[in-house]
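Structural description and commentary
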Amino acid sequence: MKKDKILQKLLNNEFLIEKYQIKENEKPKTYYEALKSDVVIIKTLAILVDELEKSDRPSNSAMYEKIKQFLNVNAL
Amino acid sequence: MIIEEIEIKNYQCYFGSKVFKFSKGLNIILGKNGDGKTKFYEAIDWLFSDGIEDKESLFSSKAAFNMSNGDSEKVMVRMTVAQDGEKRTIRKHFLVTKENDELDFGNTKLEGIEETSSGERSLVDGSRLRDLIFDSRIRQYSMFKGESELNVFDNKDALNNLIDLFSETKHLDIYVDCVSEMYNKADRAVTADAKKNKSNEKKYSILEAEINKLKIDESQLKLQISNIQKELTKLEENIDQASSLVDNAEKLETYNKRISKREDKIRDLRARIAALESYTTNLYDENWFLVFFEPIYNEFKKKAISFSKDRRRLMAEYNQEIGRKKGEEEAKKKIMESIPLPIGTPSQAHMEEMLDEELCKVCNRPAEKDSEAYQYMYQRLQEFIESQKVTKTEDDDDKPKKLFQYNYTTKLTAISDIHEQYLHGIRQIDIDIKDTFDFVENRKKDLEEQEKELSNEYEERSKIVSSSSVEASSLTNILKNYNGFQKNKAENKDDLVRYEFDLKIIRQNLNTKQGEKDALDNIQVDKFLLNTKEILGDILKVTEQTRSKEFNDFIDKLEAISNEIFKKTNKGSFTGLIKFYKIPYGDEIKLDIRLVESSGKKFEGNSAQVTLLHISVLLAISELVKEADDQSYPMIMDAPVSNFDEMHSKLFFEAMKSSVDQSILLLKDYVIRNESTDQLEIKKEFDEIKKDKAFWIRLDEPYENELLHTIDTQIIEL
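Report follows, based on the coordinates. (Residues numbered from 1 in each chain as written. Chains lettered and ligands numbered in written order. Predicted model: local features only at pLDDT ≥ 70, side-chain atom pairs only at ≥ 80, totals over all residues. Heavy atoms only, no water.)

What follows covers a nonpolar patch on the surface. Side chains of Leu 283, Tyr 284 and Phe 289 of chain B sit close together on the surface and give an oily, nonpolar patch of about 320 Å² of accessible area. Tracing the backbone through its elements, the reader meets Tyr 284 of chain B in helix H9 (residues 279–285). (Patch = residues over 30% accessible without salt bridge, like charges linked within 9 Å, V, L, I, M, F, W, Y side chains within 5 Å. Areas by Shrake-Rupley, 256 points an atom, 1.4 Å probe, with all protein chains shown as cover. Salt bridge = Lys/Arg side-chain N within 4 Å of Asp/Glu carboxyl O. Helix = DSSP H or I, 4+ residues; strand = E, 2+ residues; numbered from the N terminus.)

Shown next as structure tokens:
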């Protein structure tokens, strides 16, 4: 599935793995699994992929509002 | 997608309806020049294009010729393909009617027909179906007319199209744009919150202003760098174009200079020869006429010496004679004057008396006339008389004349002596003449040699010009331009280094100021806003890096597959490697594909290698298409192998067969005319090609070369 494929590409980024100390077993296999992740950045990426891969993709402003709300609360 | 059928009806040389039934794999259409191969390719191209068309030129001349008033004919190209389990047909056509001896051309229509596996047929929008069957972006990597079109990356948009089609790079642009905007919003939220705190308001404002200025500087520098990179790419292209000719241009200039110098030398030699060859002038001006004087002089001298010698001898004799006579005279005189005759010596009268009486009165013996005694007395008398004669003195008229009174011999000797002095000079004339002749001969040899060399150089120069695709005058300009391009390139590179250094400094300053601002933010701004900004910043970095990696991976993959195919098609010969160079072109990247040695050193392959390089890249693209779209598209190529030898052709066919699900190749090489039968036939070598289907297209005979309405291409399935 395209969402999974793209998410995997983003999750395999070396900078991300290094900075957030993401272990291989912490990496979700699907975007659906990622949406349930406790790692904030993983979940943020999953939301991003989920929204941007929709056929009726939201505007960048709408996306920001959604991500901001999530991060303001969860990025501790 | 597999093309099952192509029908061409009344299209140019295809009179009536002609149907090609293709199969999967390698399909080959053979035909000699002018028999309809290119028209086949153009018919497909027409089917897929929407441009302005000259319908009259598309309509078969033979069909037009056969029409009567009131008749109508259809011009049509139809393609039926198998795709996604359906049979899909697109057909493009227009109607031609004849009224009052005038042809009328109807509107062009494009129709689509879909037929499901169960046989249900439905008429659909032709344009939509056409794009579905064979997307124009894919077609640019699938249809080629001749080798010159094979280098698809000559067009800088080709890479972007390819990336759009087959890699996630373009798709990831959406992520980068979206996250970038989100990050900027988060940054602005942080700034707005920070400004609420008045304690560091001034410091914060200064920092903000400095950051904004640095960002503007950064943006301007990036623009300048982008422009320089574009300029550099253009210069590289120009240099590349010129470099294929610059060797010839340099050689031409060298030959021009050499020829000019040699022509000067020849002119100089000719002038010198002409000047030296004025021998007649030299005869008098340089006294060359005296060159044969020495033998004459020698003869003269010999004679003068001889005369002188004779003169001396004669003079001696003369003097002796004179002396003798003088002595005699003096003696006689003395005798006469002082010495008495000896006793017993008869006097003259006595001797005359004795002769008369024929009696010697000295010895008293008879001396008859004619006797010996008589003769003796007579002789003595004559001697006596003679001795008594007085010799004439010099003053006397009968005195002997003076010998050599005009002194000619002495004069001759003097002349000879004078000439002797000139002999050295005269001998030098001989040497001068010899030297001059030798010199002229040598210069003539030089001239001959120079003219020979000049002729060779003219020939070499014309070879250089004829081997170049441009005229001699353009070649000279190319060299000038080439040097100009190189100079500009060097200057631009210097500028680029300088700007990149400036950019680095600006970015360092920006980071410092940003750090200072972040430090203030940390003190003054709500933590959650900062966390949101930081995470969005990280996500921005992740998306940008992923996009960049995606692009690089795609190019690496394309390069790897291309090399795999290239090796296969070049089996048994030196290949080198295909290397994709990513060249910055403003904000974009341009691909430059080159052959390199394993050491990475670039080299120019021969024409067959270059064609194979392009074909390998196209086949690699075809494989990527197959992987990305989960379906393949046919390759249609007109005359792709005209510069291949037999071995390369064979390898090429094998590669086409193994790499592409369907290919249609139009070839001319295997049709020959049998000289003994004067009939066209297919070469035996064609049997060795592993193909799936083959056609031979040829003009229906008889036809007349100069009458288009006799032309009709026939299809023979082999």
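That shown, we press on.
So, about the pattern of salt bridges. Residue and element names in this part refer to chain B. In total, this model carries 58 salt bridges over all chains according to the counting rule given. In this structure, Lys 517 engages Asp 187 in a salt bridge whose closest nitrogen and oxygen atoms are separated by 3.9 Å. In this pair, Lys 517 is assigned in helix H14 (residues 472–524) and Asp 187 in helix H7 (residues 169–196), connecting sequence segments 330 residues apart. For the pair formed by Lys 517 and Asp 187, the shared burial category is buried. When salt bridges with common partners are traced through the structure, they connect Asp 84, Glu 86, Arg 88, Glu 114 and Arg 128 into a single cluster. (Buried < 20%, exposed > 50% of the residue type's maximum accessible area, 1.4 Å probe, protein only.)

Right, let's get into the side chain of Glu 114 of chain B. Residue and element names in this part refer to chain B. Structurally, the position occupied by Glu 114 is in strand S7 (residues 109–115). Within polar-contact distance, the side chain of Glu 114 engages the side chain of Arg 88 at 3.4 Å. Discounting residues that sit within four places of it in the chain, Glu 114 has contacts with Glu 86, Lys 87, Arg 88, Glu 120, Arg 121, Ser 122, Val 124, Arg 128, Leu 129 and Leu 132. (Polar contact = N/O pair within 3.5 Å; in protein donor to acceptor, adjacent residues only side chain to side chain. Contact = heavy atoms within 4.5 Å.)

With that settled, consider the sheet that holds strand S19 (residues 693–699) of chain B. All names here are of chain B. If you trace the six strands from one edge of the open sheet to the other, you get S9-S15-S16-S3-S19-S20, paired in mixed fashion. Lying at the two open borders of the sheet, with one neighbouring strand each, are strand S9 (143–145) and strand S20 (713–717). Across this sheet, the average inter-strand angle for adjacent strands is 15 degrees, counted without regard to direction. Pairing between S19 and S20: five bridges, direction antiparallel. If you follow Trp 696 over to S20, its bridge partner there is Ile 716. (Pairing = 2+ DSSP bridges. Axes fitted to C-alpha atoms, helices over the stretch in contact; angles between N-to-C directions.)

Moving on, we get to the pairing of strand S16 (residues 662–667) of chain B. Residue and element names in this part refer to chain B. Among the six residues of S16, six are classified as buried, and the element is accordingly described as predominantly covered. Here S16 shows a buried face lined by Gln 662, Ile 664 and Leu 666 and a second buried face lined by Ser 663, Leu 665 and Leu 667. Bridge count for strand S3 (residues 25–30) against S16 is six bridges, and the pairing is parallel. Each residue of the ladder has a partner; that of Leu 30, found in S16, is Leu 667. Pairing analysis gives four bridges linking strand S15 (residues 635–638) to S16, with the strands arranged parallel. Bridged to Ile 636 within S16 is Ile 664.

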